[in-house]
Amino acid sequence: MNSGILVVAAQRELRRSLFDALDQAGYPQIHSARDVSHAAILLEGRASLPPLQLIVAVLAGDEQQARACCEQLRRLPGGADTPLILVLAEEAKLAPTDLPPGITDWLSASQIGSELVPRWRRSQAGQRPRKVVAAADSGAHEDYRYVFEEGDSEWLIADAQTGRLLEVSPTVARHSRMHAGQWEGLPLSDVLRFEGIAISQVLAEANRSWYPCQRKSAQGADTGQASVRRIRHAGHEALALMFRSDRADLRAEAALSLLSRIFASTSGVDAQTASGRLLFDELGLDYLAVWSARQDGADAPTQMLQLWSGDDPQWPPAQLQSSLQLVLGGKPILYRNDAKRLAPIDPLLQQLDLAGFAGLPLYDERHTVLGAMLAGSRRGFGEMGIIEPVLRCAAARFAQMLELGRTREQGRAEGLVDALTGLPNRLLFNDRLDTIIREATRNGECFAVLFVDLDRFKAINDTYGHAAGDQVLRTVTQRLCGSIRASDTVARYAGDEFTVVLRHIVKNDDVLRVAEKIVQVMETPLYLEDGTELQVTASMGLSFFPDDAGDAQTLLKHADEAMYAAKHQGRNTFQIYEVSPEYAKQHGMALKTRLRHAEGNGELRVVYQPQVNTETEDIVGMEALVRWEHPELGMISPAVFIPLAEESGLIVSIGEWVMRTACRQAKEWEQRYSLRLRLGVNLSAVQLMEPQLLDTVATVLRETGLDPTLLEMEVTESISIKEAPNLVENLHALHRLGCHIAIDDFGTGAASLDYLRRLPADRIKIDQSFVRNIGVDPDDEAIVRATIEMAHRLKRAVVAEGVEIEQHLQFLRQHGCDELQGYLFCRPLQPISFDKLLAERQRLLEGRVAEPA
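I keep staring at the overall build of the protein and nothing clicks. Help me out?
A tally of helices and strands in the protein yields 30 helices and 32 strands. By residue count, 50% of the 853 residues in the protein fall in the buried class. Counting contacts in the protein only where the partners sit at least 6 residues apart, residues at least 24 apart contribute 63% of the total. Summed over all atoms, the accessible surface of the protein reaches about 39000 Å², with 49% contributed by carbon and sulfur.

Structure (structure tokens):
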């Protein structure tokens, strides 16, 4: 009998990958743990069993954390002498050379599926475990060749006394295009040239710090960084130098940086040239061309871009370039270093003498070939695992720019694109906005509309002329487009007015950050062609779908109203649309009248915000919130219409409608997903004074079939116990019925302790005004801590509202808060969106059914 295999990984995806690899190999008993503490619980009481067969642990931190983790693993029951394989996560801040001694083997996270089981079986077969480079003071002879074989880093080993090379990794030879034998015996001063620091100082310190440098290659030198450490080589002192190139065709980080810069460029001919030049320089290409196929397919293609590192040859016509014709026909071509075999059939490759060559079709969304990208190198391409994805992403970017250019040309021809800025005009924008609304309604998504108006633009036209005004509008267009994502839309609505749609919103704060960014970008000085400096600012108004309106016209109207509010605030700022309390005061009677018919007219909505368990972050409950969509004013804040409903007594019927609607929906989700979520429903002071409240709740529960224990009544702390007759009696009666009671907005009223003493409260909800100040105000942090401790002493659970950032989560988790609610997890959702959330949760759970706890 054996105790099986222990897998320890904090990341769920890696834990599952390890489990699957071992399970598929036929190992039946696998213990899967999140961390060492969890592993200790799983292995508790197993001291009498045989030792574990194997421990596999994922490392994601630095060298110190790695050593601590290994020491803790060795102290586990049965873990002292168990073989230990370590997996380096992508975000790990240590190299293989930094791993603790005594491990059996190691691999990277990307090798789990292919290497984990073979490595383990080799170890079981009695093969000598490989080791990694260690510091000289360990006193052990270490085999650094394993690092050479496994990693894709460049390693150079030199004698510590003479400074001459003893050995280099195969990667050095591959990247430099110099045979390994050409390196042996070379002095390090001929191999590496450091910037701003003497090589003697770097070698003397050998402290693993990274320094900019150049490394010798067949083409002269490659730029990058190098670090030095001391090792043992054949029993003698030696130096190990690790070099990482800055070439985008050799190093993934450099390739990622290149792609981010390519995709950050705006569209247009200039951007196409800039992107091409970036690709050409960073990949060390000798040839790059972008071609546009004729839309009718009849005539020759048009060359959009061409870069070449030598003297211009006699370029062959496009019709004779067989490789180009193949690519335009939809066939990709990729030769790493043997492209010369194409020379007999392609005069372009014959003239250019290219060793590496790639030709990729440029596709639109319908997979129609728009054109072709050709790229070549005389010396051949670098790492294909890096350069091929880079070339494909660059081709996608060129295709995107090509398609956008064609769309604009078509739009200009059809009168849908603004001729000056190239942006959609009012007609096209309105059409797109209608489409976005239909998609958002179907998918339950949220988005924002921004109305942007330049401040005092008429004065610029009057003072500097319309040519200057046109230059300002083009610059503003560039700044707006550079401030948003690819999925968003910018349009020139009229004159100096622009509209923006920001899609797929999770938190309103995301939109506010974009608005702040636009304000800051606009403040940057602008220079006219004659050198005149201008300061151009903008006022912006924001409205949200579906919170502020459900149709395009009202959304734009509200954003326009908010924009004028921003101008009244002094310009150069933004405002969010809202029906102000002042408006409600002035039009109170009209709003009350309309509110009387809101329920019957289908203007009321119930949205749901999840409540999650602090430790697992799984959904355990939801709060039902009422919204009113006024036919002219759009969405009206509950802070405006709830007081009106209470004044008029309408809150009783509205509250009953909300409760019935939410209970019916909760029962439907319970049946669909077998998930018993607690449902929180707010009770106003007027409802709590109703003698018939208990009968109303009992009737709703009976009609909807919802279990009373799943219904939680939320009572705001601001309601006075003395001034609300029947409040205490009603709440005790509801508690006896089986319902739960929660005290909402805890800490903001003056009767907190009295509430806890006299009311049958199961849960308290810390008001968001305290939670949002975590990390900002020590006094509010102290209040939150004290509230949690007091509630737990009184055996009440605690929910924190307004959790918006990771710092809030960590603080509340550290101090034992039971549940959380806020934008960090989810905004209030329409039923269709909440249903999708539950469906996705179920899909993820079903996918992990085979995974042990």
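Is there a simple way to think about the packing of helix α1 (residues 12-24) against helix α4 (residues 112-124) in this case?
Packed helix pairs are specified by the crossing angle of their axes together with the interaxial distance, meaning the distance between the axes. Where α1 contacts α4, the axes come no closer than 9 Å and their chain directions differ by 50°. On the basis of the axis angle, α1 is oblique to α4. Our pair here, α1 against α4, has a crossing hand that is right-handed. Between α1 and α4, the contacting residues are L14, S17, L18, A21 and L22 on the first element and I112, L116 and V117 on the second. A class-by-class count of the residues in the contact of α1 with α4 yields 7 nonpolar, 1 polar and no charged.

Help me out: how do you make sense of the nonpolar core in this one?
Looking at soluble globular proteins, one finds that nonpolar side chains tend to be buried together. Judged by nonpolar contacts, the single largest core of 75 residues is most densely connected at L595, Y608, L679, V697, L711, L734 and L812. Broken down by element, the residue count for this core peaks at 9 residues, all from helix α22 (residues 651-673). Not counting the four nearest positions on each side in its chain, L595 is found in contact with W628, F641, L644, A645, L650 and I654. A468, A515, V519 and L534 belong to the second largest nonpolar core, which has 35 residues in total.

What's the story with the pattern of salt bridges in this structure? I'm lost.
Any two side chains of opposite charge can pair, so long as their charged atoms come close to each other. The full count for this structure, using the stated rule, is 32 salt bridges. A salt bridge links R67 to E63; the shortest N-O distance between them is 3.6 Å. Of this pair, R67 and E63 both sit in helix α3 (residues 63-74), separated by 4 residues, roughly a single helical turn. A salt bridge links R793 to E789, with the nearest nitrogen and oxygen atoms 3.3 Å apart. Linking R793 with E789, this pair stays in helix α28 (residues 778-793), spanning 4 residues, or about one helical turn. Members of the salt-bridge network, linked through shared partners, are E623, E714, K765 and E801.

I keep staring at the sheet that holds strand β22 (residues 538-545) and nothing clicks. Help me out?
Read from one edge to the other, the open sheet built from 5 strands follows the order β18-β19-β17-β22-β23, with strand pairing classed as mixed. Edge positions in the sheet fall to β18 (489-494) and β23 (574-576), since each has one partner strand and no second. Going across the sheet, the axis of each strand differs from the next one's by a mean of 20°, ignoring polarity. Sheet topology places β22 next to β23; 3 bridges connect them, and they run parallel. Bridge assignment links L542 to a residue of β23, and that residue is I576.

Help me understand the sheet that holds strand β1 (residues 5-8) in this model?
Think of a sheet as strands paired side by side through backbone hydrogen bonds, with each pair either parallel or antiparallel. Taken in spatial order, the 5 strands of this open sheet run β2-β1-β3-β4-β5, and their pairing is parallel. With partners counted over all chains shown, the strands left at the sheet margins are β2 (30-33) and β5 (105-108), one partner each. In this sheet, adjacent strand axes meet at a mean angle of 15° when their direction is disregarded. In this sheet, β5 lies alongside strand β4 (residues 84-88) in parallel orientation, the contact comprising 4 bridges. Looking at the pairing, I85 lines up with D105 of β5. Those strands touched by α1 are β1, β2, β3 (54-59) and β4, and its axis lies near 175° from that of β2. Together, β1, β3, β4 and β5 form the strand contacts of α4, whose direction differs from that of β5 by roughly 170°.

What is the right way to look at helix α14 (residues 426-443) in this model?
Look at α14: 25 Å from first C-alpha to last across 18 residues, which is about the 26 Å you get at 1.5 Å a residue. Listed as buried for α14 are L428, F429, L433, I436, I437 and A440. Each element contacted by the buried residues of α14 is listed here: β17 (447-454), β18, β19 (497-502), β22 and α18 (552-568). A side-chain oxygen of the first residue of α14 lies 3.2 Å from the backbone nitrogen of L427; this N-cap is N425. Looking one or two places after α14, you find G444, whose phi comes out positive at around 70°.

Honestly, the packing of α14 against α18 in this entry has me stumped. Any pointers?
Closest axis-to-axis distance for the α14/α18 pair is 10 Å, and the angle between their directions is 110°. By the angle class used here, α14 and α18 are roughly perpendicular. Judged by residue contacts, F429, N430, L433, D434 and I437 of α14 engage A552, L555 and L556 from α18. Its residues placed into classes, the contact of α14 with α18 shows 6 nonpolar, 1 polar and 1 charged.

Would you take a moment to explain the side chain of R660 for this structure?
Note that R660 resides in helix α22. For R660, the contacting residues outside a window of four places in its chain are T699, V700, E703 and T704.

For this particular structure, what's the right way to read the pairing of β17?
The two faces of a sheet get side chains in turn, since along a regular strand they alternate between them. Within β17, 8 of the 8 residues are buried, which leaves it mostly tucked inside the rest of the structure. Note: β17 against β22, 8 bridges, orientation antiparallel. Looking across to β22, one finds that F447 is bridged to F545.

Explain the packing of aromatic side chains here, please?
Two aromatic rings, taken as a pair, are described by how far apart their centres are and by the angle between their planes. In total, this model carries 11 aromatic pairs according to the counting rule given. Centre to centre, the rings of F451 and Y493 are 5.8 Å apart; their planes meet at 70°, and the pair counts as edge-to-face. Remark: Y493 occurs in strand β18 and F451 occurs in strand β17; sequence separation between them is 42 residues. The rings of Y287, W308 and W315 are connected pair by pair, giving a single aromatic cluster.

Looking at this structure, how should I read unusual backbone geometry?
Glycine aside, negative phi is the norm for most residues, and most peptide bonds take the trans geometry. For the peptide bond that leads from F545 to P546, omega is 0°, which places it in the cis range. With respect to the helices and strands, P546 occurs in the loop between β22 and α18. In the Ramachandran plot, R208 falls in the positive-phi region, its phi being about 70° despite a non-glycine side chain. Among the structural elements, R208 can be located in the loop between α8 (199-205) and β9 (211-217). The class of R208 is partly exposed, set by a relative accessible area of 26%.

Is there a simple way to explain the state of the cysteines in this structure?
Think of a disulfide as a covalent bridge from one cysteine sulfur atom to another cysteine sulfur atom. All told, the structure shown has 0 disulfides when counted by the stated rule. Unpaired in terms of disulfides, C70 finds its nearest cysteine sulfur in C69, a separation of 5.5 Å.

It is not clear to me how the pairing of strand β7 (residues 165-168) should be interpreted in this structure. Could you clarify?
Relative to β7, strand β6 (residues 154-159) runs antiparallel, the two being bridged by 3 bridges. Across the sheet, residue A158 finds its bridge partner in β7, namely L165. Counting the residues that bridge the hairpin from β6 to β7 gives 5 residues, and of these G163 lies at a positive phi of roughly 70°.

Reading the values: rules and limits
Along each chain, residues carry numbers from 1 onward, in the same order as the chain's sequence is written. Residues qualify for local features only when their pLDDT is at least 70, as the model is predicted, and side-chain atom pairs are given and counted only at 80 or more; totals for whole chains, interfaces and linings, by contrast, use all residues. Hydrogens and waters are ignored; side-chain quantities use all the structure's heavy atoms. A run of H or I in DSSP counts as a helix once it spans at least four residues, and a run of E counts as a strand once it spans at least two, with each numbered from the N terminus. Think of it in three bands: residues with accessible area under 20% of the maximum for their type are buried, residues over 50% are exposed, and the middle band is partly exposed, with areas taken using a 1.4 Å probe on protein chains only. Residue contacts follow a heavy-atom distance rule, with two residues in contact if any of their heavy atoms lie within 4.5 Å. Reported accessibility uses the Shrake-Rupley method at a 1.4 Å probe radius. Residues are deemed covered only where the shown protein chains occlude them. Lines are fitted to the C-alpha atoms to define the axes, a helix being fitted only along its stretch in contact, and any angle between axes, read from their N-to-C directions, falls within 0 to 180 degrees. Put simply, angles under 35 degrees are roughly parallel, angles over 145 are roughly antiparallel, angles from 65 to 115 are roughly perpendicular, and the rest are oblique. Crossing handedness: left-handed means the near helix sits turned counterclockwise from the far one by under a right angle, and right-handed means the same turn made clockwise. Classification convention: Asp, Glu, Lys, Arg as charged; Ala, Val, Leu, Ile, Met, Phe, Trp, Tyr, Cys, Pro as nonpolar; all other residues, Gly among them, as polar. For the purposes of this section, nonpolar cores are sets of buried Ala, Val, Leu, Ile, Met, Phe, Trp, Tyr and Cys residues that join through side-chain atoms within 4.5 Å. Salt bridges are counted wherever a side-chain nitrogen of Lys or Arg sits within 4 Å of a carboxyl oxygen of Asp or Glu. Note on pairing: DSSP must find at least two bridges between two strands before they are called paired. Between the first and last residue of a helix there are one fewer steps than residues, each counted as 1.5 Å, and that sum is the expected span. Polar contact is defined as a pair of N or O atoms within 3.5 Å, subject to the rule that within protein one atom must be able to donate a hydrogen and the other to accept it, and that residues adjacent in sequence are counted only when both atoms are side-chain atoms. In summary, the pairing rule links any two rings of Phe, Tyr or Trp, Trp by its six-membered ring, whose centres are within 6.5 Å, and it sorts them by plane angle into stacked for under 30 degrees, edge-to-face for over 60 and tilted for everything else. Disulfides are defined as cysteine sulfur pairs within 2.5 Å.

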